[in-house]
Amino acid sequence: MDLSVLNDMQKRAVLHTEGPLLIIAGAGSGKTRVLTHRVAYLIEECGVKPWNIMAITFTNKAAQEMKERIDHLVSDGADSVWVATFHSSCVRILRRFGDRIGYSSNFTIYDTEDSKQVIKDICRLQNIDTKIFKEKMIMAAISKAKDTLTGPEEYLEENMGKFGVDRIAGVYTEYQKRLKKSNALDFDDLIFKTVELLEKDPEVLKYYRDLFRYIMVDEYQDTNMAQFKLVSLLAGEGGNVCVVGDDDQSIYKFRGANIENILGFEENFKGAEVIKLEQNYRSTQNILDAANSVIKNNSGRKDKRLWTDNGTGETIDFRRFDQSFDEAYFVAKDISDRVSAGESYSDMAVLYRTNAQSRGFEERFVSLNIPYRLFGGVNFYSRKEVKDLLAYLKTIDNGDDDLSVKRIINVPKRGIGATTISKIEMHAASRGITFFEALEKADEVGIGRARDKILSFTSFIYSLRAQAQDISIKDLLDKVISGTGYVAELEEEDSDEAKARIENIEELISKVADYEMNTSEPTLSGFLEEVSLVADIDSFDENADYVAMMTIHSAKGLEFKNVYLVGMDDGLFPSYMCITADDPDELEEERRLCYVGITRAKKHLTMTSAECRMIRGELQYNAVSRFIKEIPKTVFGEQRIPESAIGKTERRASDTEKKIKAKEVFKAKPFEAKQFAVKGDVTLDYGVGDRVSHIKFGTGTVLEITSGGRDYEVKVDFDDVGVKKMFAGFAKLKKV
DNA sequence: CCTACTACGCTTTTT
DNA sequence: GCGTAGTAGG
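Residues numbered from 1 in each chain as written. Chains lettered and ligands numbered in written order. Predicted model: local features only at pLDDT ≥ 70, side-chain atom pairs only at ≥ 80, totals over all residues. Heavy atoms only, no water.

Our next topic: the overall build of chain A. When helices and strands are tallied, chain A shows 33 helices and 20 strands. A globule of 736 residues ought to have a C-alpha radius of gyration of about 27 Å, and chain A, at 27 Å, matches this closely. Along the first, second and third principal axes, the C-alpha atoms of chain A reach 80 × 70 × 65 Å. Burial status across chain A gives 54% buried among its 736 residues. Across chain A, every contact between residues at least 6 apart in sequence was considered, and the portion connecting residues at least 24 apart equals 74%. On chain A, roughly 33,200 Å² of surface is accessible, and the fraction owed to carbon and sulfur atoms is 49%. A gap of 3 Å separates the mean positions of the 104 positive and 122 negative side-chain charges of chain A. (Helix = DSSP H or I, 4+ residues; strand = E, 2+ residues; numbered from the N terminus. Rg over C-alpha atoms; globule rule 2.2 N^0.38 Å. Buried < 20%, exposed > 50% of the residue type's maximum accessible area, 1.4 Å probe, protein only. Contact = heavy atoms within 4.5 Å. Areas by Shrake-Rupley, 256 points an atom, 1.4 Å probe, with all protein chains shown as cover. Lys, Arg positive; Asp, Glu negative; His and termini not counted. Charge placed at Lys NZ, Arg CZ, Asp CG, Glu CD.)

Quick look at the structure:
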C-alpha cells in the first residue's frame, strides 16, 4: 500500500494499529486522510475484515466523505466498513436489539420541537408555571442529565435540595414515560438507551465488541459523556480505539460536549499513544499566524502550533464599516470583483456568528445577482407543512406515536376541536391506552358530533397502513396528500406563502423519491429516520456554483479559498452573552470558534466589522471584536474603508439617517433568493437520446425530460434495470 | 369550533 | 423586526 502521500506523523498514526491511539489533529492537518488510510491499511495490510472496523463521525457529510475516500483506497469490501454518525449507529443498534429494553424496532425519533411539545403538555397537566420553569430550561436540564447518563431518579437524588428539582424531575419522569409509551426516542435517548442496552445485556455487548474490533472516532473533542461511555463500552479494556480531534476546535460545549474526553484520553485509555499533527496543508502562513495568535490566549489547551510550507500568502483584510449595510455591500462587491477576475463563486463563503446576520447579505447578493445558498437556519424538515405530512407517515408507521397523531388529527381542519381531543386524551390516560386506540373507541368516550369525523380519520389511516406494504413511499405520500386535500387547500389559498409551502411539499416528494432510488432496501421507518437525522449542511456541495453562507459552527470541517468572516464586533462575536457571563470558559469557547472560522480559509481571509447594526429591531453600537486585536498587525494588509463600499458620501451619516437606511435594508424580503440559488443547481448537460450513467442503475438512454417546476423529471431506459423515472436534481446523472 | 389578534422570545445547535 | 404560540371573541 502506498503511504508515501503521508508525512512522518501521519504515517505513524496509520501504522499504529493496536491499542488506544489519540491523534491531536490541528485544523487542515489531513486527519481525514489519516483516518481513511488507516482503515485501508488495516484491510489491505493487516488482514482485518472490513466489517470489523467502525468509524464514527458527527455529521452525515463527514461519514459520506469518509466512505467515498475509503472506497477509493481499498480494492474490495469498503462497503462493509461501518461508517456512520453516532446517532445513526445507535439507531441501527436499537432497531436490531432495542426490543431487549422495551422498544419495538419501528420506534419514532423525536426532534427538539417534538420534545418541546411533549414537555409543554406535561407542564400543563402538572400545573407547572412555565413563566418560572421555562420549557426550554426544563428541556436543557433533561438533555444535560441524559448527556451524563442520568435517569429521572438519579437526577432527583443528585440534585436534592436545589430549587425546583422535584418539579423538573417530575416532568422528566413523565416525559420518559410518555416517550416509552409512544415507542419514541429523542436524540439524547438514542445514545443513552444504547449505552443502557449494552450495559444491561452482556450478549449484545459481546456481539458488538466482537464485531467492532477497530474503532475510530472523528471530532472526538465534541463527544459528550454518554458518547464517551458508548465508545468505552464498545472498545472494552485495552481496545483498539483511535480517536482524532482538536481541543482547539471544541465549540459544542453548550450542547454537552465534554472537552475532558480529549484532554483526559491518556488517563481513560491506559497506554495510549499520542500523535500530534501540526503541519497544515490548507492555509497560508499568514492565516495560520492569525489563528495561532488568537488561540494562544486560551488556557488549558494541548500545546501545539500549526505551521505550513504553503508560504506567507496574501495579507488578511480587515475592514470596519459605519454600518452592517456597508459591510454587506462591501462583501458582495468584493465577491463580484473576484468573480469578474476569474474566481469562482464556489470558492467563497460568508461565515457569521448568528443565523440572523445572513439577511443583510442575502439582500445585497440578490441585488448584485450573486448566486448563494444559505445553510442552517430553519431546517427544511421543521417547516410546518413538511412536519404535518411527515406526521401522517409517522402515524402510519407507528400508531403509538401520540404526538404525531395529535398533530394531524385536525390538520387539515376536519372539525375535531380542542374539547373532543381533550376528551379522547382523558379516556386514553384513564385506560392506559394510546391516543390512537382511544380514537378507535370514540363510541365509548361518548363523542357527539365529531364521532363520524374521527372514525373516518382512523379508517383513512387504516387504509393507508394496509397499502403501505405494497406501494412505494412516494405513492403513499401522494395518497396522503390527495386523501387529505392538503395541497388542494393551499392551492385555493393562492397566496405567495401558500405557493412556497406547496414548493416545500414538492421538495419533500422528491426527497422521498431520492431516498427510494438511492437506498438498497427502502422502508418507511428508514426514510423517517433519515429525515430525522439529517442536517442542512449535509447537502453542502463544494463544487456547486454559489457562495455558501452559514454560521461558523456549521462551517467546521469545511474549507474555502476565500472566507469572509463577518460581524467581527465585540458583543456579537464574542457574543454579548459570554462577555457578561462570569464564566471565563465561555469566552474561551468563543475564541475557539474564532479559530475555527479563521482556519476555514485557504488563500484569502477577509474580516469585517460594523460600528452599528440592527439587532432584534434595535440599533446597536459595538467596538471592534477583541479577537481582531489579538491578531498581530503584520498579517494585515492596508486597512481602510474603500469609497466604493460606502456609496458616494464619505461623511458620516447622522443617527437618524442611519436608522432610516437600516430600516430600508431590513424591509426588503429576499423571497425569490432561494429559488434562484436552486435553479443554478439543476441545469442539465444532457438531452433526450443521450447516454447517461447513474450511481446505482448503471448506464442508460434518456427517453424523456419533463420540467416539473424547479426540477426536471427524467425518464431513462437503463441497460440493466429498465425504465426508471427520477428527479434530475437528485439522481445526479452524468453524460457519458 | 374556527379565526384573528396580541404577546413574547430571540447565540451558537453536527444529531 | 419577525415569527410563532396562545388566547379571546365570533
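Once that is clear, we can look at a negative patch on the surface. A surface patch of negative charge is lined by E489, E491, E492, E493, D494, D496 and E506. Where the negative patch is concerned, the elements lending two or more residues are α24 (486-493) and α25 (496-518). Within the secondary structure, E493 sits in helix α24. (Patch = residues over 30% accessible without salt bridge, like charges linked within 9 Å, V, L, I, M, F, W, Y side chains within 5 Å. Salt bridge = Lys/Arg side-chain N within 4 Å of Asp/Glu carboxyl O.)

Next up on the list: the nonpolar core. Ranked by internal contacts, the top residues of the largest apolar core, which has 68 residues, are L190 and Y208. With near-sequence residues (within four places) excluded, L190 lies in contact with H87, C90, V91, L94, F107, I109, L185 and L533. Counting 48 residues, the second largest nonpolar core, distinct from the first, contains L390, I408, Y515 and L528. (Core = buried A, V, L, I, M, F, W, Y, C linked by side-chain atoms within 4.5 Å.)

This brings us to the protein's contact with DNA strand B. Near DNA strand B lie 30 residues; those nearest to it are R255, R353, T419, A535 and T551. Contact between DNA strand B and G415: a phosphate oxygen at 3.1 Å from a main-chain N or O atom of the residue. The separation between a phosphate oxygen of DNA strand B and a polar side-chain atom of D538 is 3.0 Å. Only α19 (418-431) and α27 (552-555) provide two or more residues apiece to the surface near DNA strand B. (Near = heavy atom within 4 Å. Polar contact = N/O pair within 3.5 Å; in protein donor to acceptor, adjacent residues only side chain to side chain.)

All right, on to the pattern of salt bridges then. Taken as a whole, this structure holds 53 salt bridges when the rule is applied. Taken together, the salt bridges that share partners define one network made up of D121, R124, E174, K177, R178, K406 and E425.

If you walk through the whole model with that rule in mind, you get zero disulfides. No disulfide involves C594; its sulfur sits 12 Å from that of C578, the nearest cysteine. Judged by relative accessible area, which is 0%, C594 ranks as buried. (Disulfide = S-S within 2.5 Å.)

The next thing to look at is helix α3 (residues 60-73). Over its 14 residues, α3 runs 20 Å from end to end, which matches the ideal 20 Å to within 8%, given 1.5 Å per residue. Within the sequence span of α3, burial applies to K61, A63, M66 and I70. Against the buried residues of α3 lie α2 (31-44), β2 (53-57) and β3 (82-85). (Expected span 1.5 Å × (residues − 1).)

Let's shift gears to the packing of aromatic side chains. Aromatic ring pairs are reported here in terms of the distance separating the ring centres and the angle at which the planes meet. Tallied over the entire structure, the rule returns 23 aromatic pairs. Ring centres 4.9 Å apart and planes at 85° place the aromatic pair Y207 and Y208 in the edge-to-face group. Classification of Y207 as partly exposed rests on a relative accessible area of 33%. Assessed through its relative accessible area of 2%, Y208 is described here as buried. Relative to F540, the ring of F375 has its centre 5.5 Å away and its plane inclined at 70°; by these criteria the two rings are edge-to-face. (Phe/Tyr/Trp six-rings, centres within 6.5 Å; stacked < 30°, edge-to-face > 60°.)

Note that E589 resides in helix α29 (residues 584-598). Judged by relative accessible area, which is 10%, E589 ranks as buried. Looking at E589, its side chain comes within polar contact range of the main-chain nitrogen of K253, at 3.0 Å.

Moving on: the packing of helix α4 (residues 86-97) against helix α11 (residues 225-235). Interhelical geometry of α4 versus α11 gives an angle of 55° and a closest axis separation of 12 Å. Relative to α11, the element α4 is oriented oblique. Relative to α11, the crossing made by α4 is left-handed. In this structure, α4 uses F86, H87 and C90 to contact α11, whose residues at the interface are Q227, L230 and V231. (Axes fitted to C-alpha atoms, helices over the stretch in contact; angles between N-to-C directions. Parallel < 35°, antiparallel > 145°, perpendicular 65-115°, else oblique. Left-handed = near helix turned anticlockwise from the far one by under 90°.)

With that settled, the discussion passes to α19. Over its 14 residues, α19 extends 20 Å from the first C-alpha to the last, a length consistent with the 20 Å expected when each residue adds 1.5 Å. By the burial criterion, the buried members of α19 are T420, I421, I424, E425, H427 and A428. Down the axis, α19 shows its buried residues gathered within 165° of arc, on one side only. Along α19, exposed side chains directed more than 90 degrees from the buried face belong to A418, T419, M426, A429 and S430. On the buried face of α19, the contacting elements are α5 (112-125), α18 (402-408), α20 (435-440), α21 (442-445) and α22 (451-468). (Arc of directions from axis to C-beta.)

It is worth spelling out the environment of N292 at this point. For N292, the position within the fold is in helix α14 (residues 285-295). For the pair N292 and G161, spaced 131 residues apart in sequence, the C-alpha to C-alpha distance is 45 Å. Apart from residues no more than four positions distant in its own chain, N292 is found in contact with R305 and L306.

Secondary-structure assignment places E630 in the loop between α30 (626-629) and α31 (655-667). For E630, the side chain forms a polar contact with the side chain of N297, separated by 3.1 Å. In this view, E630 contacts S293, V294, N297 and R591; residues no more than four positions away in its chain are not counted.

Looking now at the packing of α25 against helix α26 (residues 524-533). It is at 11 Å that the axes of α25 and α26 come closest, and there the two elements cross at 120°. The orientation of α25 with respect to α26, classified from their angle, is oblique. The chirality of how α25 crosses α26 is right-handed. Facing L508, K511, V512 and Y515 of α25, the residues of α26 in contact are G526, F527 and E530.

With that settled, the discussion passes to the environment of D582. Within the secondary structure, D582 is located in the loop between α28 (576-580) and α29. The sequence separation of D582 and R282 amounts to 300 residues, and the corresponding C-alpha distance is 36 Å.

Moving on, we come to the pairing of strand β15 (residues 618-621). Where strand β14 (residues 601-615) and β15 come together, four bridges link them in antiparallel fashion. In the strand pairing of β15, M614 is matched with L619. Here β14 folds back onto β15, and the loop between the two strands holds two residues, one of which, R616, carries a positive phi near 50°. (Pairing = 2+ DSSP bridges.)

Overall, parallel pairing links the six strands, which are arranged β3-β2-β6-β7-β1-β8 in an open sheet. Two strands in the sheet have a free side with no partner beyond their single neighbour: β3 and β8 (273-277). Neighbour-to-neighbour, the strand axes of the sheet open up by a mean angle of 15°, direction not taken into account. The strands that α3 touches are β2 and β3; relative to β3, the one it contacts most, it runs at about 160°. Set on the sheet, α4 makes contact with β2, β3 and β6 (214-217); between it and β3 the angle comes to about 115°.

With an omega dihedral of -5°, the bond running from V411 to P412 counts as a cis peptide bond. Within the secondary structure, P412 sits in the loop between α18 and α19. Of note, the phi angle at L149 is positive, near 55°, even though the residue is not glycine. Residue class for L149 comes out buried when judged on its relative accessible area of 17%. With a phi close to 55°, N183 is a non-glycine residue in the positive phi region. By the element assignment, N183 lies in the loop between α8 (165-181) and β5 (184-186). A residue is classified by how much of its surface remains accessible, and N183, at 5% relative accessible area, is buried.

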